[in-house]
Amino acid sequence: VHLPLVHPARGPPLRLSPPQPVGMSPAGVSTAVRMLGQSKYFVLLGWAMLTVLGGLYARQYTANTRIDFAVPPSSKGYQAAQDFLRYFPESDVKVSALVTRVDGGIVLGDELRNLTHSLQTWCAERVGIAEGVVGYYTLAADLPEMAAQFVSDPVQPNASTSTLIVISLSLNASDSMASELAGYAHRSATLDVKLTGEPYFLQAALDGVTHDVEQVHPKVIPFAFVPFLWIVRSWRLSLITLVCILATAACSYFLMYLISTQISICNFAPSMQLSATIATSIDYSLFLLSRFREELPAQVEGQAGGGTAYAISAEQAEQALDQALHYAGHTVLVSGSTLALCFFGLLFFPISLISTLGLATGLTVVISICVNLSLLPALILSFPAFFTHTGCCSRTQSPPQPLPQPLASTSTVRRALLGASDEEADGATGAGVPLTRKDAQRLTAASVLRASEGSFWARVSGASIRYGWLVVLAFAALTAPCAYEALSIETSQTQAQMMPRDADASVAYSQIVEQFGSGSLFSFQLMIVPSDGQVESAAFFAQSRSLVRRTLELAGTEDLLNATGVMLAGATDVPFELLSEALHADEAKCAVLAQLLKRNVCAYARIGWRQLTNGDAELGRNASATYISLAPTFDPFSQQGTEVIDRLREALATARAEQPTFALESAGLTGGAVAMNDSVALVYDFFPMMVAITLSVVFALLGLAFRSLVVPVRAVLTISVSVVISFGTAWLVYGRGGLDFLGWAPLGRYGSLAWSAPVLSFPIMVGLGLDYDIFLLGRVLEYRLLGFSEKASVAAGVEHSGPLITAAGVIMAIACKIFFFERPDLQPATVSRINPAHLIRKVSLFNTKRVAGARV
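Quick caveat, the model's predicted, so the values are computed rather than measured. (Residues numbered from 1 in each chain as written. Predicted model: local features only at pLDDT ≥ 70, side-chain atom pairs only at ≥ 80, totals over all residues. Heavy atoms only, no water.)

Enquirer: Before we move on, could you go through the packing of aromatic side chains and cite the residues and values that matter?
Expert: One pass over the structure, following the stated rule, counts 17 aromatic pairs. Ring centres of Y57 and F254 lie 5.8 Å apart, and the angle between their planes is 50 degrees; this geometry places the pair in the tilted category. Of the two residues, Y57 is situated in helix α2 (residues 40-64) and F254 in helix α9 (residues 235-260); the sequence distance between them amounts to 197 residues. Classification of Y57 as partly exposed rests on a relative accessible area of 27%. Given the relative accessible area of 15%, F254 is considered buried. Taking the centre distance of 5.9 Å and the plane angle of 75 degrees together, the rings of Y509 and F522 count as edge-to-face. A residue pair is termed long-range when its members are at least 10 positions apart, and Y509 in helix α19 (residues 504-515) and F522 in the loop between α19 and β6 (524-530) qualify at 13 residues. (Phe/Tyr/Trp six-rings, centres within 6.5 Å; stacked < 30°, edge-to-face > 60°. Helix = DSSP H or I, 4+ residues; strand = E, 2+ residues; numbered from the N terminus. Buried < 20%, exposed > 50% of the residue type's maximum accessible area, 1.4 Å probe, protein only.)

What follows is the structure in structure tokens.
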């Protein structure tokens, strides 16, 4: 690779007049720096106050977050969900206790019987909060067939090693009541009790967020500072970055706390905010401070050299900061704005879990930009001697020697850069023309290029330029199979991928689904509302029973769903005459029925009537609506659950059409995974539009920032390649088990990706991948505008940006490490984060020289 400027014999003569700068307006930057210098103490005070407020309200903010899957009005199941809330406003929440013996022995026995009785007593003491307990010992006497469903070995219950106890809590039960129940259930010394269900999922998620924020992320920060110190080589400047991290985190938490008092915020938003804070604060500080240190030597003239430390005046520090903000500040502003807009694009999704996550992370990025462009320079301007000190514990270096006078002229630059004779140089540029600052920058840059010949980054750029088409073909060959795999991605909403991996609620849920099915926790409800408002009639029983059976038959789910309603129990019909008689019988009649049928028919009929209809026979309240509980034998949040929901809806519509005489006000599917399934379906309906909008915004921003059409086209192309490769790699790992041989859980096979992974990965890959793209391209264009050839510009840009981009990519991977180890739903996002930092850089090396030429 020919590194120097264009030789006169090979190209047009070099023009040493100052070219149009790449970056923010020099006059505007200088004005901003002067204003910061005048108001630096007010800036420090303002950020300090916001940081204190954020620290005070951080815990309250995390406590305000939750998982909210309200059914969107435009979803298919919205009407059924509204009907259920209207007719069953006091429905309960099921909590399941998975009980095993500590020693792994047979679970049935006096200990389990005592535990069941204790839980019944606990519920009886909390009327209106705890509705009741169902387990093996509550059913064994009267309903042994049903009791067998609550042990791991239904054929030989006495050989079972685990059992299930279901506790019904009212919707009014507080989180503290669920915690109290957990403490009560864990009293036994010989039984291991794991509680799971919606209250415990929420608590596990909140505990996971608190754990991440208070314990894991503080441990991540020191590791993230290692690549930062490798580049900056100054512990003093690293203090600025640490202050920026604290200010960004605290201010973003405080702002989101105010928002959380008005709307529901996703439970893992605080953890995402902190990861974004660490990554962007260190990245942006790295860009700014590395450029600031680079500009410092150019400000030192006429000082003694050779020592281990030298002083920088406040004026010189301000000039260096001016240059750093002019170039690196432009990169931070453009790339940060793009990243923020990518996250704000999530606001348009129809569910709050995604939209509020985008809001929180986008605001964090905006605050990080503001902090790094105001607080960082204010700290330097307030304490210039401290932060520019180059003595103890910093990278020691001698100040650069001043250019010889009066030889410091354009002809000197020409001879130094081209090796041309004095006559050639004077003829091309004019002898004795005073050396401008731009000329000094050219001389310095050329010196760097000569010194870096043979370095790793020079070899990388040289190989990429020399074998450019081979690089492009190699990535095309890699992209094709990855595109095939990306198109094969299957997603699911399984709870095991949404919760911290080792939480008791997650472990218990997985074991319950494997041994008992998830019907005890997340049953579907088939709502049926007759037009005449009469559920208690023989005609309704017969027609609704026929409707349910026909629906299950058409959907092919007779063996997958256990149907229970007032008119049927699985394959058994409930006679209307017997049920009606049991509902309205007096005590004497109930005793006769119990003696004849060997079970307390009246009690079970009345309990079932209250649970499955909106009527109450004892209170004389007629039932006008009912639902059939469809307990799945599989995980309803899996891909199979999604397919079953679609089949049930189609089958229900067909079955209703086959019974035109059955007058119904409404009939629809709700409960279980229906709300999440409908929400996720809407998200993916909107996802292609979100991708198009995001790439359009990227195109527009880059076009405006670089005043070019070629730059945004190349950026969109390289980003698309990176996204395809990342999604394909994620599916190979988590969908097909490509790394199962490692036997490591974070890289194990799930058979599907969490539904949120592609949606959340996309803005991260686009925004942060563009970060490094802009930084590299800005450097290349800067050298091109200084007069270097295209190849030399690319080489110089890579030489300066390669280490920074690598360090920034490592920092981002470290910041996302928590999700890789703790959050299965975000592991693909973490894996994808590792790719773009390197792929985009390498792909862009070949194309950048043409882009640079087009820009100039």
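The structure having been displayed, the exposition proceeds.
Enquirer: If you had to explain helix α26 (residues 710-735) to someone new, which residues and values would you point to?
Expert: Between its terminal C-alpha atoms α26 stretches 37 Å, which fits the 38 Å expected from 26 residues at 1.5 Å a residue. The buried fraction of α26 is high, at 19 of 26 residues. Two residues or fewer past α26, G737 is found with a positive phi of approximately 70 degrees. (Expected span 1.5 Å × (residues − 1).)

Enquirer: Any details on the state of the cysteines? Residues and values, ideally.
Expert: Here the structure, examined in full by the defined rule, presents one disulfide. Note on cysteine connectivity: C590 is disulfide-linked to C602, with sulfurs 2.2 Å apart. Taking the torsion about the sulfur-sulfur bond, which here is approximately -100 degrees, the covalent link between C590 and C602 counts as left-handed. Here C602 lies in helix α23 (residues 601-612) and C590 lies in helix α22 (residues 587-597), a separation of twelve residues in the sequence. Exposure remark for C590: the relative accessible area of 11% places this residue in the buried category. (Disulfide = S-S within 2.5 Å.)

Enquirer: Requested: an account of a negative patch on the surface, with residues and values cited.
Expert: A grouping of E490, E643, D646 and E650 is seen on the molecular surface, where their side chains present a negatively charged patch. Within the secondary structure layout, D646 lies in helix α24 (residues 639-658). We classify D646 as partly exposed; its relative accessible area is 31%. (Patch = residues over 30% accessible without salt bridge, like charges linked within 9 Å, V, L, I, M, F, W, Y side chains within 5 Å. Areas by Shrake-Rupley, 256 points an atom, 1.4 Å probe, with all protein chains shown as cover. Salt bridge = Lys/Arg side-chain N within 4 Å of Asp/Glu carboxyl O. Lys, Arg positive; Asp, Glu negative; His and termini not counted. Charge placed at Lys NZ, Arg CZ, Asp CG, Glu CD.)

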